[in-house]
Amino acid sequence: MSVHKAQTIKKVTTHQLQEMKNRGEKIAMLTAYDYSMARIIDDAGIDVILVGDSASNVMAGHETTLPITLDQMIYHAASVIRAVKRALVVVDLPFGTYQGSSGEALRSAIRIMKEAGAHAVKLEGGAEIKDSVQRILSAGIPVMGHLGLTPQSIYKFGTYTVRAREEAEAAKLAEDAALLEKCGCFAIVLEKIPAELGRKVSKSLQIPTIGIGAGPDTDGQVLVMQDMLGITKEFKPRFLRRYADLSTIVNDAVTRYVNDVKSGDFPNESEKY
Ligand code: KIV
């Protein structure tokens with residue numbers, strides 16, 4: 001008699017991310033916004049999936065992350081959660097759902113945890129959102145910080161160029177990172193800052209940092225999936241490494257399908273009932 005052992009999958013937790021930093025193991029994070037892709041990247045061994053508000057750009061075609069709503073983020077997050085067996089799923093609080101008051105921030109975070117089944121939330125900013133971060137943490141909801149280039153503030157900064165090149169801005173970023181750690185955040189995303197600052201901040205913190213354009217010395221890396229798969233071809237920042245050219249692959253496949261349908265080659269004898 002064969003004995004079938006139920007395969008137990010060890011889920012990634014915030015504690016495990018801390019242990020990974022402690023033993024010097026890098027953390028791999030990618031974005032996902034739908035069930036099918038989340039399933040593939042979870043199977044492939046990704047540690048953290050971010051349901052980023054970059055869904056506003058890559059899924060909905062908006063120019064910025066500002067228009068996406070809490071309901072839309074919950075829809076994307078719930079789809080991802082249904083697919084995931086192993087990865088930790090972190091969900092962005094969208095613009096306008098946590099800056100007004102800490103009470104509103106907590107209500108937004110609770111909706112994401114309850115309605116989507118998320119494991120943690122991410123907020124952009126430092127000292128200016130401290131009350132919101134603390135209020136969410138006090139409800140037992142894990143919080144990931146996000147410093148450096150914070151796309152929800154694009155109209156304040158005016159460009160998507162590298163942040164914190166100046167000493168004063170770098171010092172403020174380091175202070176904000178220390179503050180977020182003190183509040184109890186379990187990790188911080190560092191976006192588009194000089195590699196040396198990424199190294200310094202990562203070394204000074206106990207909690208893990210996850211970089212995107214922040215150099216090789218952060219404790220992990222994150223990319224937007226559509227960018228690393230070559231779906232968003234026109235987006236070419238220096239920090240982006242492309243691992244596939246899906247845009248060309250999909251275009252070729254669809255061109256062949258259109259030709260086959262029009263020529264009558266599809267469906268053939270073996271493809272009909
Ligand atoms: O929304 C997003 O995809 C992000 C990553 C770029 C970190 O915040």
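Think of each chain on its own: its residues are numbered from 1, step by step along the sequence as written. Per-residue local features are limited, in this predicted model, to residues with pLDDT of at least 70; the limit for side-chain atom pairs, both in listing and counting, is 80 or more; totals at the level of whole chains, interfaces and linings are taken over all residues. Derived side-chain values reflect all non-hydrogen atoms in the structure, with water molecules and hydrogen atoms excluded from consideration.

Caption draft 1: Representation of the overall build of the chain in the model. To qualify as a helix, a DSSP run of H or I must reach at least 4 residues; to qualify as a strand, a run of E must reach at least 2; elements of each kind are numbered from the N terminus. Across its full length, the chain carries 11 helices and eight strands. Between the two quantities, the radius of gyration covers C-alpha atoms and the globule rule is 2.2 Å times the number of residues to the power 0.38. A compact globule built from 273 residues would reach a C-alpha radius of gyration of about 19 Å, and the chain, at 20 Å, matches this within 12%. The principal-axis extent of the C-alpha atoms belonging to the chain is close to 70 × 55 × 35 Å. Each residue gets one of three labels from its accessible area relative to the maximum for its type: buried under 20%, exposed over 50%, partly exposed in between, using a 1.4 Å probe on protein chains only. Taken over 273 residues, the chain has a buried fraction of 47%. Long-range contacts, defined here as pairs at least 24 residues apart, represent 58% of the contacts in the chain between residues at least 6 apart. Accessible surface, the chain: about 14,800 Å² in total, of which carbon and sulfur atoms supply 54%. On the chain, the mean spot of the 33 positive side-chain charges and the mean spot of the 33 negative ones are 4 Å from each other. Contacts are residue-level and defined by heavy atoms, with any inter-residue pair within 4.5 Å sufficient. Computed with the Shrake-Rupley method and a 1.4 Å probe, the accessible areas treat only the protein chains shown as cover for residues. Note on charges: Lys and Arg go in the positive column, Asp and Glu in the negative column, and His and the chain ends are not counted at all. Every charge is mapped to an atom, namely NZ of Lys, CZ of Arg, CG of Asp or CD of Glu.

Caption draft 2: Summary view of the site of the ligand. Definition of nearness: a residue and a molecule or strand are near each other if at least one heavy atom of the residue lies within 4 Å of the molecule or strand. Neighbouring residues of the ligand: Thr 31, Leu 50, Gly 52, Asp 53, Ser 54, Asp 92, Lys 122, His 146, Val 189, Glu 191, Ile 212 and Val 224. Two N or O atoms form a polar contact when they lie within 3.5 Å of each other; inside protein one atom must be a possible hydrogen donor and the other a possible acceptor, and for residues adjacent in sequence the pair counts only when both atoms belong to side chains. In this structure, an oxygen atom belonging to the ligand sits 2.5 Å away from a side-chain N or O atom of Ser 54. When residues are grouped by polarity, Ala, Val, Leu, Ile, Met, Phe, Trp, Tyr, Cys and Pro land in nonpolar, Asp, Glu, Lys and Arg in charged, and all others, Gly among them, in polar. Of the residues belonging to the shell around the ligand, the class tally is four nonpolar, four polar and four charged.

Caption draft 3: The arrangement of the packing of helix 5 (residues 102-116) against helix 6 (residues 130-138) in detail. Every angle, taken between N-to-C directions, lies between 0 and 180 degrees, and every axis is a line fitted to C-alpha atoms, over only the stretch in contact when it is a helix. It is the contact of helix 5 with helix 6, at a shortest axis distance of 8 Å, that shows an interaxial angle of 45 degrees. Accordingly, the angle class assigned to the pair helix 5 and helix 6 is oblique. Handedness of the crossing formed by helix 5 with helix 6: right-handed. Contacts from Ser 102, Gly 103, Ala 105, Leu 106 and Ala 109 in helix 5 reach Asp 131, Ser 132, Arg 135 and Ile 136 in helix 6. Looking at the contact of helix 5 with helix 6 residue by residue, the classes come out as four nonpolar, three polar and two charged. Geometric relationships in this document are graded by angle, where less than 35 degrees denotes roughly parallel, more than 145 denotes roughly antiparallel, 65 to 115 denotes roughly perpendicular, and other angles denote oblique. Crossing handedness is read from the near helix: turned anticlockwise from the far helix by less than a right angle, it gives a left-handed crossing, and turned clockwise, a right-handed one.

Caption draft 4: The arrangement of the sheet that holds strand 5 (residues 143-148) in detail. Note: two strands are recorded as paired if DSSP finds a minimum of 2 bridges between them. One closed barrel accounts for eight strands, arranged 1-2-3-4-5-6-7-8; its pairing is parallel. Going from strand to strand, the sheet's axes swing by 25 degrees on average, the running direction of each strand aside. The pairing of strand 2 (residues 48-51) with strand 3 (residues 88-92) spans four bridges and is classified as parallel. Note that in strand 3 the partner of Val 48 across the bridge is Leu 88.

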